[in-house]
Amino acid sequence: MKRLKIMIKSYKDLIKMAYKDEKMYFFWVMLNFICYGVYGYSIIQVPRIVLEMLESNTVNFELLIIVFTIIFISDLGISLCKIKYTPVGYRIRYGLMLKYNEKNLSIPLDQYEDPKILDNLWNITRPITSVNGVQFFYLHCAEFSGNFAIILISIGVLLKLNIILAIFIFIWIIIYTFLNVLNSEKIGKIKDDGGSIYRKHFYFKNISMDISFAKEMRVFRLKNWFKIKMNTLLDDMEKFSKLTYKFSAKIMILDNIYQFIRDSIMYITLIILYFDNKINLAQFSMYSVLVMQLNNALSLGVNNIKTIVNEYEKYTKMFDYFRIENEDNKGLEFKCDNDWEIKFDNVSFHYLGSDKNIYENLNFTIKKGKKIAVIGLNGVGKTTLIKLLMRLYKPTDGKILFNGVDIQSFKLSEYYNLFAPVFQEINLFAYSVKENLVFDQEYDDKIAYDALIQVGLKDKISLDQLDKSMTKIIDEDGLLLSGGESQKFAMARAICSNRQVLILDEPTSALDAIAEYDFYHKINNDYKDKTILFISHRLASTSFCDEIILVDDKCIKEHGTHDQLMKLEGKYFELYRVQSKYYQKEES
Amino acid sequence: MKKQLSVLFFVLKKTHRLAPSYIILQCIQTVLETSLIFAFIYLPAFIIEILTSDMQVEIIKKQVIIFLFIILVVRLFISIINKRISIISEVLQFKMIAEVNEQLLDVSYDKLESPKFMDQLANAVEPIDNLGANTNLFLALPKIIQHFITIVGVISIVYTYSIWVVVIVFMMSFALFLFNKARINEEINNAKSNFDQHKTYWYYLRMMKDPSIAKDVRLYKAQPFLLKKAKEYYQSVIDSGTLLYKNRDLRALAGRSFSVLVLIFMYSYLLINPNNVTMEASYLILLVNACTTLFIAINMIQTELLTANQSLVYLAQYLKFNEMVTLSKDDGTIKCDPEITSIEFKDVTFAYPDTQKNILENFNLLIDSKQRVSIVGENGCGKSTIIKLIAKLYIPCSGCILINGIDLNLYDYDSYLKQVSIIFQDFKIFDISIKENITFENNDDLKLMNALQESDFDKELVKFNNGVDTFTGKAFDDNGVMLSKGQEQKLAIARSIYKNGSLMILDEPTASLDPMAEELVYQHFNQLTKDKLSIIISHRLSSCRMSDVIVLIEDGKVKQLGSHQQLMNAKNSYANMFNLQASNYLQTQE
């Protein structure tokens with residue numbers, strides 16, 4: 001019962017969607033139904049008419065012309081409908097792909113990163129990644145209307161001939177369809193169980209083609225290992241294939257036996273009726289054409305139904321994802337006064353789908369214009385901290401206050417305007433250089449280029465290259481940057497955004513000593529008015545900072561200037577000593 | 001045509017090798033299916049004939065059932081053979097791809113970086129993987145044979161009645177052929193002219209799906225821009241797709257309408273011809289049936305030939321790729337000594353393929369005896385390039401690299417690489433078990449324990465439920481663990497220790513590690529490089545304190561070379577760099 005409910009809900013969503021964007025679809029489906037009905041009825045009349053004419057030795061041209069015209073026109077109608085309804089599912093599917101991506105970019109980050117969603121993106125997109133989803137749903141619904149019309153007409157004609165036979169066929173069809181749907185569900189389940197084999201295969205296939213794995217594959221001579229892995233997978237695949245096809249072969253064999261029984265019963269009935277003189281030879285041939293037509297429509301129709309109900313749950317997952325609300329942009333107007341502070345007030349946080357706290361009762365304040373370093377061991381949650389600050393995550397407990405007002409209450413897009421982040425993983429898009437810096441903002445070329453000069457990319461990119469495409473994905477002559485250069489470029493992007501707070505997550509991890517030194521001096525000297533928060537493992541950088549925050553054990557363990565923390569002789573002192581000892585002169 | 005045949009021959013040969021029974025099963029299947037077609041031509045005529053004969057009802061019933069039963073038996077055979085064919089064909093496709101994957105591992109590294117080669121690879125794999133070219137070919141080939149037999153058989157039936165009927169059916173088929181050809185040409189031109197646009201569109205779509213862009217996109221409010229960019233190409237993609245469907249349906253429309261016309265023509269012809277008045281009803285039905293089947297067969301054989309041809313065009317790329325791969329092997333024969341004691345760069349000049357700028361120019365460097373060597377220099381000075389050259393991932397444009405005094409190119413690559421352990425800057429951890437990540441195919445528990453201890457990874461191991469059998473990543477096991485950067489680094493080190501090469505290379509081993517983890521790597525460094533020739537690259541000059549020799553590279557040449565103390569005393573580039581980095585630490589000590 002619950003399954004039926006899910007099924008109906010999914011189909012309601014699908015039909016609603018077509019009603020919204022493709023109203024004509026329903027018209028073409030209806031017309032298809034009518035045309036098939038007319039066609040199916042008239043085509044079986046032809047052998048009867050012809051034989052009757054032969055028997056009576058008179059040719060009724062008028063009747064022939066009428067019948068043939070009807071057949072020809074209804075046939076054209078069928079084809080026309082097909083031309084019209086086939087691309088509907090295609091268009092809706094492609095529209096959904098775009099909508100899906102829009103959703104990816106618009107829902108709150110914590111929900112997007114929820115493992116329940118992120119690990120399941122594959123499942124969510126299943127109805128749109130292959131034709132055998134949304135697209136086939138609309139196609140097969142439309143096709144079914146035609147086959148259904150033929151089945152109805154056939155039963156109708158049989159009803160006139162022999163009620164018992166008609167009722168028999170009717171009941172047969174219902175049982176037959178039901179059995180088929182059940183079986184196709186079973187096959188779907190078997191296939192689901194084997195899904196992991198294909199996932200593994202996909203993984204191995206990709207690492208052999210992925211250049212970032214190529215060095216390991218070669219240097220560690222992994223060819224043989226790869227071959228063994230691949231062959232095991234292929235064997236598993238064959239075993240699994242055998243299992244599915246064994247089952248579907250069984251169904252096919254049963255299907256043939258069913259058809260044999262059905263045909264025998266129908267032909268025998270016809271023969272008996274013929275010898276009882278209930279029908280003549282002409283009618284007999286009409287009914288035997290009808291039997292063939294019915295058989296054909298039945299197998300096509302059942303196939304349509306199988307496709308339509310095929311894994312209907314997958315639609316639910318997709319629509320549920322679409323129903324997640326976007327980052328809302330309501331709330332108070334965000335005004336950034338001359339003087340401000342952001343205060344973490346007893347903030348606790350854990351990820352969605354996990355109950356392990358990353359932070360417990362976190363308290364600290366960021367004041368305008370300060371340069372703050374966030375220090376801590378790998379995996380302690382430094383990046384999470386800046387994500388909380390930027391409202392990419394919501395605290396599970398406690399509040400973050402901007403001048404005393406909860407940051408959650410501001411208009412999100414205006415609050416975002418406060419921050420210019422450079423994250424650890426740098427994303428350069430296959431757009432032009434300028435678009436990568438400012439996206440589609442109106443922006444003066446010179447000022448944009450100035451940012452590139454500031455970060456030290458002057459030699460790499462010239463002013464007239466602002467329109468050049470980046471990466472080689474779309475343009476073979478595109479601009480390719482190394483790791484260090486990418487880091488600099490991301491910094492330029494942050495500068496261009498001209499926002500008050502720079503947030504830098506390990507900004508110098510790929511920079512050489514000189515570039516690193518320049519970087520910190522620039523930060524110290526050129527961005528006096530900016531508030532800067534950065535995460536770094538290089539404790540040398542902290543000497544530029546007004547404040548140092550040491551994160552450990554779910555909260556801030558130490559907070560103060562470099563000198564204060566050194567005097568404390570705590571964790572910071574220890575870290576600093578470990579790293580600096582190699583630079584001390586006396587030790588050599 | 002000749003080219004198509006050679007591709008066909010190649011694919012058949014390959015198929016026969018990968019799945020020996022496949023082709024013979026297809027042949028049997030074809031014969032059975034063709035016999036079914038003829039059974040259905042005869043069935044209505046047969047029933048009417050026995051009805052109009054003087055046979056008894058019971059016998060007639062019996063005969064009809066026997067006829068139906070024979071059809072059933074043939075169909076059962078088809079089901080069984082079909083099962084075998086489906087299994088084989090499903091796995092066959094994967095086998096073909098797997099073979100390409102394995103071949104790829106022999107392809108030289110620089111080829112993988114060339115867009116041209118990767119395009120060729122995509123062109124070879126895509127048709128088999130996603131377009132089903134191979135599957136389609138093997139669906140089309142038996143159908144072509146089947147239709148061909150049908151055409152010949154039906155003509156021999158109809159021929160006895162009237163040759164003109166055959167001629168007219170053929171003429172109608174030809175008209176249909178001309179119509180279809182125009183449609184197909186339109187499709188091909190359309191696909192060609194929009195190829196670049198579509199490539200861009202799919203790239204944009206894939207990009208938007210990538211979770212790693214999520215943060216940037218939100219903070220910099222790039223959503224509208226990203227969508228706008230994709231939408232620029234959306235309409236063109238939709239239009240092409242719609243055109244494709246429209247064309248296909250138009251072809252179907254033409255096919256349907258023409259077959260109705262054939263039906264109309266046949267009935268009219270039979271009725272108008274006065275001779276037919278005396279004709280048996282069953283014969284008339286047979287003729288109509290036969291002619292409709294004939295028309296459908298002629299029509300279908302065209303489509304199948306087109307499909308086969310299209311598949312062969314795609315698979316030609318697969319053949320081309322195979323030829324490319326078999327050509328690309330070059331390997332020496334000298335077995336490498338069990339110990340690497342010297343590396344020498346002699347006048348090496350190197351630029352990356354398809355680029356102008358020389359990364360190394362007349363580069364000379366000799367490292368002998370088992371020293372610890374640090375290579376330092378600014379971003380982009382060619383440090384990592386040197387490592388790629390030593391690993392023979394690239395070959396110098398001129399000059400040579402001597403290992404133990406012998407040109408690297410003369411070595412048997414396998415035996416040489418056995419002696420080399422490298423941890424690359426962007427090393428990769430596979431989504432397999434921890435144990436396998438370290439040992440790969442040759443598992444030795446004792447060595448494994450040792451590697452785990454020395455890399456300090458055993459401390460991490462206790463956090464996982466399944467110990468060394470825990471999976472990393474989620475591709476293979478939903479309970480797989482996601483390792484932190486620091487843990488991954490330790491795992492990579494364990495892998496290197498396990499391999500135990502006599503040449504040890506570390507490229508930026510501590511870039512993303514916190515000070516404690518960095519210190520740990522340094523502490524292990526001595527152990528790791530004991531009795532070995534070792535090279536370490538790092539931006540953190542602290543690592544140089546442990547090295548015997550430091551090599552400073554600038555402008556593609558060795559600028560300075562010597563011990564830390566020597567270079568500090570020289571008060572040159574190295575000393576400047578070191579002091580610069582140290583100043584931040586020393587400042588506050590004063």
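Residues numbered from 1 in each chain as written. Chains lettered and ligands numbered in written order. Predicted model: local features only at pLDDT ≥ 70, side-chain atom pairs only at ≥ 80, totals over all residues. Heavy atoms only, no water.

Right, let's get into the overall build of chain A. Along chain A, the regular secondary structure elements total 21 helices and ten strands. Referenced to the eigenvectors of the C-alpha coordinate spread, the extents of chain A come out at roughly 120 × 50 × 50 Å. Taken across its 588 residues, chain A has 55% of its residues classed as buried. Working note: accessible area of chain A is about 26,100 Å², and carbon and sulfur atoms make up 56% of it. Side-chain charges of chain A comprise 74 positive and 71 negative groups, with the mean position of each set lying 5 Å from the other. (Helix = DSSP H or I, 4+ residues; strand = E, 2+ residues; numbered from the N terminus. Buried < 20%, exposed > 50% of the residue type's maximum accessible area, 1.4 Å probe, protein only. Areas by Shrake-Rupley, 256 points an atom, 1.4 Å probe, with all protein chains shown as cover. Lys, Arg positive; Asp, Glu negative; His and termini not counted. Charge placed at Lys NZ, Arg CZ, Asp CG, Glu CD.)

As a further point, take unusual backbone geometry. Not every positive phi belongs to a glycine, and Asn277 of chain A is a case in point at roughly 65°. The residue Asn277 of chain A is located in the loop between helix 11 (223-275) and helix 12 (281-309) in this model. Note on Asn277 of chain A: relative accessible area 68%, which makes it exposed. The backbone of Asp555 of chain B sits at a positive phi, close to 50°, despite the residue not being glycine.

What follows covers helix 3 (residues 61-106) of chain A. Under the 1.5 Å per step criterion, the end-to-end length of helix 3 of chain A is 68 Å for 46 residues, consistent within 8% with the ideal 68 Å. With a side-chain oxygen positioned 3.3 Å from the backbone nitrogen of Glu62 of chain A, the residue opening helix 3 of chain A is Asn60 of chain A. (Expected span 1.5 Å × (residues − 1). Polar contact = N/O pair within 3.5 Å; in protein donor to acceptor, adjacent residues only side chain to side chain.)

Let's shift gears to the packing of helix 8 (residues 134-161) of chain A against helix 12 of chain A. Residue and element names in this part refer to chain A. Between helix 8 and helix 12, whose axes approach to 8 Å, the crossing angle comes to 150°. Taken together, the axis directions place helix 8 and helix 12 in an arrangement best described as roughly antiparallel. When the axes of helix 8 and helix 12 are compared, the crossing they make is left-handed. For the contact of helix 8 with helix 12, the per-class residue count stands at 18 nonpolar, eight polar and one charged. (Axes fitted to C-alpha atoms, helices over the stretch in contact; angles between N-to-C directions. Parallel < 35°, antiparallel > 145°, perpendicular 65-115°, else oblique. Left-handed = near helix turned anticlockwise from the far one by under 90°. Nonpolar A, V, L, I, M, F, W, Y, C, P; charged D, E, K, R; others polar.)

With that settled, the discussion passes to the interface of chain B and chain A. Taken residue by residue, the interface counts 157 residues in chain B and 159 residues in chain A. When chain B packs against chain A, close to 15,800 Å² is buried across both sides, 68% of that on carbon and sulfur atoms. Contact with chain A buries surface across chain B, with Arg218, Tyr220 and Tyr585 of chain B losing the most and accounting together for 6% of the total. The shortest N-O distance in the salt bridge between Lys215 of chain B and Glu425 of chain A comes to 2.5 Å. Summed over the shared surface of chain B and chain A, the number is 46 residue pairs in polar contact (both at pLDDT 80 or more). With 28 residues, the single largest contributor to the side of chain B that touches chain A is helix 10 (residues 223-272) of chain B. In terms of residue class, the side of chain B that touches chain A is made up of 90 nonpolar, 27 polar and 40 charged. (Contact = heavy atoms within 4.5 Å. Buried area = accessible area lost by both parts, 1.4 Å probe. Salt bridge = Lys/Arg side-chain N within 4 Å of Asp/Glu carboxyl O.)

As a further point, take the pattern of salt bridges. All names here are of chain B. Under the defined criterion, the tally for this structure stands at 37 salt bridges over all chains. The closest approach of N and O atoms between Asp412 and Lys335, which form a salt bridge, is 3.4 Å. Linking Asp412 in the loop between strand 5 (406-407) and helix 13 (413-417) with Lys335 in the loop between helix 11 (281-327) and strand 1 (342-350), this pair joins segments that are 77 residues apart in sequence. Exposure remark for Asp412: the relative accessible area of 14% places this residue in the buried category.

In this section: the domain arrangement of chain A. All names here are of chain A. What the domain assignment lists for chain A is domain 1 (2-323) and domain 2 (341-582). The distance between the C-alpha centroids of domain 1 and domain 2 comes to 54 Å. With six residues of domain 1 at the interface, the matching set in domain 2 holds five residues. When the area that domain 1 buries against domain 2 is broken down by residue, the three leading residues are Leu109, Asp110 and Glu113, summing to 72%. For Lys387, the salt bridge is made with Glu113, and the minimal N-O distance between the two is 3.9 Å. (Domains from an automatic or database assignment.)

Next up on the list: the environment of Lys317 of chain A. Residue and element names in this part refer to chain A. Position of Lys317 relative to the elements: it lies in helix 13 (residues 313-323). Lys317 sits in the partly exposed class, given a relative accessible area of 40%. The spacing of Lys317 and Asn123 is 194 residues in sequence and 7.4 Å in space, taken between C-alpha atoms. The residues contacting Lys317, other than those within four sequence positions of it, are Asn123 and Ile124.

What follows is about the environment of Gln454 of chain A. Topologically, Gln454 of chain A is positioned in helix 17 (residues 445-454). Beyond its immediate sequence surroundings of up to four residues, Gln454 of chain A is in contact with Ile495, Lys522 and Tyr527 of chain A.

Moving on to the side chain of Ser259 of chain B. Residue and element names in this part refer to chain B. Counting through the fold element by element, Ser259 comes out in helix 10. What makes Ser259 buried here is its relative accessible area of 19%. Here the side chain of Ser259 touches Arg256 through a polar contact of 2.9 Å, landing on its backbone oxygen.

So, about the sheet that holds strand 4 (residues 398-403) of chain B. Residue and element names in this part refer to chain B. The strand order across the open sheet formed by four strands is 2-1-4-5, and the pairing between neighbours is antiparallel. The sheet is open, and its two borders are formed by strand 2 (360-368) and strand 5, each paired with just one other strand. Where strand 1 and strand 4 come together, five bridges link them in antiparallel fashion. Paired with Ile343 across the two strands is Ile403, which belongs to strand 4. (Pairing = 2+ DSSP bridges.)

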